[in-house]
Amino acid sequence: KNIAFVPQHLASKPGSYVGKDPNSFLGKFVKMGFPGINPLNQLETIEHMWVHVEAVEGDDLVGSLDNDPILSRELPLHCGSTVRLTVDLIEDVLE
């Protein structure tokens with residue numbers, strides 16, 4: 001599995017893609033953060049996971065989660081879950 005803890009100051013930040021046309025993300029994998037709990041210290045954290053963008057509805061991107069959550073187990077998500085997001089939440093894009 002591709003699992004690693006990244007210090008917060010080194011983690012990707014949302015907002016880098018603000019202003020881009022949502023349609024430019026169709027068919028791509030985008031990374032976004034989901035709330036979670038760090039198992040080492042039980043503190044709130046962000047789990048960064050990939051979403052495959054399959055549709056654009058207005059300003060929303062709609063896709064399927066491409067990871068099984070490890071830290072975000074309180075959320076009703078699993079690999080393949082439908083996820084809605086906006087461009088401002090994108091942290092990275094797999095070109």
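Criteria and cut-off values
- Residues numbered from 1 in each chain as written.
- Predicted model: local features only at pLDDT ≥ 70, side-chain atom pairs only at ≥ 80, totals over all residues.
- Heavy atoms only, no water.
- Core = buried A, V, L, I, M, F, W, Y, C linked by side-chain atoms within 4.5 Å.
- Buried < 20%, exposed > 50% of the residue type's maximum accessible area, 1.4 Å probe, protein only.
- Helix = DSSP H or I, 4+ residues; strand = E, 2+ residues; numbered from the N terminus.
- Phe/Tyr/Trp six-rings, centres within 6.5 Å; stacked < 30°, edge-to-face > 60°.
- Polar contact = N/O pair within 3.5 Å; in protein donor to acceptor, adjacent residues only side chain to side chain.
- Contact = heavy atoms within 4.5 Å.

Draft legend 1. Expanded view of the nonpolar core. The biggest cluster of nonpolar side chains holds 15 residues, and the ones touching the most others in it are Phe25, Val30, Val51, Leu85 and Ile90. Mapped by element, the contributors of at least two residues to this core are strand E1 (29–37), strand E2 (44–57), strand E3 (60–65) and strand E4 (82–86).

Draft legend 2. Seen up close, the packing of aromatic side chains. Following the criterion strictly, the structure yields 1 aromatic pair and no others. Between tyrosine 17 and phenylalanine 25 the ring centres are 6.0 Å apart and the planes differ by 85°, which places this aromatic pair in the edge-to-face class. Residue tyrosine 17 shares its accessibility class with phenylalanine 25, and that shared class is buried.

Draft legend 3. Just the side chain of serine 81, in detail. Mapped onto the fold, serine 81 is located in the loop between E3 and E4. Within polar-contact distance, the side chain of serine 81 engages the backbone nitrogen of histidine 78 at 2.9 Å. Each residue touching serine 81, except ones within four places of it in the same chain, is listed here: Gly63, Ser64, Leu65 and Pro76.

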